[in-house]
Structure formats: C-alpha cells, structure tokens
Amino acid sequence: MVRTPEGRRILVSRRVDVSPETAWDLFTDTTRWPEWGPSITAVECADRFVEAGTEGYVRTVGGLRVPFRIETCDDRRWTWRVAGIPATGHRVESVDAGERCRIGFEIPIWAAPYASVCLVAVRRMDRLLSSEE
C-alpha cells in the first residue's frame, strides 16, 4: 500500500535496469500501450506522449472502445480516468543514482483484483525495456 494524492492505493512495482527516462518514455507513449498493457489492444489518441488533459480511447481485449482522460502528469507519475472512473496511477522512480528505476502501477483499493493484470504489465515492460537497452 502507498499513499498517493488520490488516497491509499495498492502498488504493483518492479525494479528495472534502465534509466528513468527510458522507462518514462515507454509508460507515456500511447502507441506502445498495447505492447505492455494486457487489457489494451489499441489506442486512439491525437497525442503520442501523454500529458495532463490528453484524451482518447482504448480498445480492450473484449473489443470495448472506452474513453480515457489523463488527469495528472508530472514528476514521472500520471493518473487517468477510464470511462470517467478514476483508474490506475503510473509511476517511475529513480534508484541507484538515476541509473536504474522502479516502475509501478497504483491501483485503487476497490480495484484490487486488477493487481494481477498490473503484475503482467510490469513483467512485459521489463522485457521490453531490457530488449531496448
């Protein structure tokens, strides 16, 4: 559990052997979300890299097209609403003097079962980041 500006959240995280900048680029690049997001098959968004106010649609594994809006995006952390509902937070934290980092998902307590999906996502991100270095 972690305290966030949105309240207490479940944190699923993993240390990865890349710079925080490299991990942040992967986290914020909407064209790459389907590569690491187990529940996302496509993204429709005018912005390649998210910032506060970015809006678009994600297509889910079940074929649903759902609107999203990025609520906050600063200090290597972004949060969003999906279909108007507060969803996961995404974070990158520096470790080892900024040579490596920890990537993580902040999950609302009411969405605790989604932690298993986020665990798959951090593993996928680790594989993607390892192959890019």
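Predicted, not measured: the structure shown is a model, and the values here were computed from it. Along each chain, residue indices are assigned from 1 in the same order as the chain's sequence is written. Residue-level local features of this predicted model are given only where pLDDT is at least 70; pairs of side-chain atoms are given and counted only at 80 or more, and the full residue set underlies all totals for whole chains, interfaces and linings. Here the side-chain values reflect all heavy atoms present in the structure, with hydrogen atoms and water set aside.

S.K.: So what exactly am I meant to see when it comes to the overall build of the protein here?
M.R.: Of the regular secondary structure elements, the protein holds three helices and eight strands. For the purposes of this entry, the term helix denotes a DSSP run of H or I that reaches at least four residues, the term strand denotes a run of E that reaches at least two, and both are numbered from the N terminus. Going from the N terminus to the C terminus, the protein shows its helices and strands as β-β-α-α-β-β-β-β-β-β-α. Seen through its C-alpha atoms, the protein measures out along the principal axes to roughly 40 × 30 × 25 Å. When contacts within the protein are restricted to residue pairs at least 6 apart in sequence, those whose partners lie at least 24 apart make up 45%. When the 19 positive and 20 negative side-chain charges of the protein are each reduced to one mean point, those points stand 7 Å apart. Whether two residues are in contact is decided by their heavy atoms, any of which lying within 4.5 Å being enough. In this tally Asp and Glu are treated as negative and Lys and Arg as positive; neither His nor the chain ends contributes. To locate a charge, take atom NZ for lysine, CZ for arginine, CG for aspartate or CD for glutamate.

S.K.: Sorry if this is basic, but what is going on with the environment of Gly 37 here?
M.R.: Structurally, Gly 37 is set in the loop between α2 (33–36) and β3 (40–45). Once the C-alpha coordinates of Gly 37 and Ser 131 are considered, the two residues, 94 residues apart in sequence, prove to be 17 Å apart.

S.K.: Sorry if this is basic, but what is going on with the nonpolar core here?
M.R.: It is characteristic of soluble globular proteins that their nonpolar side chains tend to be buried jointly. Definition used in this section: a nonpolar core is a set of buried Ala, Val, Leu, Ile, Met, Phe, Trp, Tyr and Cys residues joined via side-chain atoms within 4.5 Å. Categorising residues by exposure relies on relative accessible area from a 1.4 Å probe, with only protein chains included: less than 20% of the type maximum marks a residue as buried, more than 50% marks it as exposed, and the intermediate range marks it as partly exposed. Counting 32 residues, the largest nonpolar core has Phe 27, Trp 33, Trp 36, Trp 78, Trp 80, Ile 103 and Phe 105 as its most contacted members. If you list the elements that add at least two residues to this core, you get β2 (7–16), α1 (20–28), α2, β5 (65–74), β6 (77–82), β7 (85–95), β8 (100–108) and α3 (115–132). Not counting residues within four places of it along the chain, the set of residues in contact with Trp 33 comprises Leu 26, Phe 27, Thr 28, Ile 40, Val 43, Val 50, Val 58, Phe 68, Ile 70, Trp 78 and Trp 80.

S.K.: Looking at this model, I keep getting lost on unusual backbone geometry. Mind explaining?
M.R.: Excluding glycine, residues mostly have negative phi values, and the peptide bonds linking residues are mostly trans. Positioned with a positive phi, Asp 75 is a non-glycine residue whose angle comes to about 50°. Along the chain, the position of Asp 75 falls in the loop between β5 and β6. Residues other than glycine seldom take positive phi values, yet Arg 76 does so here, at roughly 55°. Within the secondary structure, Arg 76 sits in the loop between β5 and β6.

S.K.: Explain the layout of surface pockets to me, please; I cannot follow it from the model alone.
M.R.: Sizing a probe to match a water molecule and rolling it over the atoms shows the empty space that remains. Roughly 400 Å³ of internal volume is contained in the largest pocket. Points on a 1 Å grid over protein atoms alone make up a cavity when a 1.4 Å probe fits among them but cannot get out, and a pocket when they form an open set with protein on both sides within 12 Å along at least five of seven lines; lining residues each have an atom within 4 Å of a point. Every residue lining the largest pocket is counted, 27 residues in all, and those nearest its centre are Ser 39, Trp 80, Val 82, Ala 87 and Tyr 114. Partitioned by chemical class, the residues of the lining of the largest pocket number 22 nonpolar, five polar and no charged. Grid points are joined across faces, edges and corners, and a volume is the space filled by probe spheres set on the points. Residues are grouped as follows: Ala, Val, Leu, Ile, Met, Phe, Trp, Tyr, Cys and Pro are nonpolar; Asp, Glu, Lys and Arg are charged; all remaining types, including Gly, are polar.

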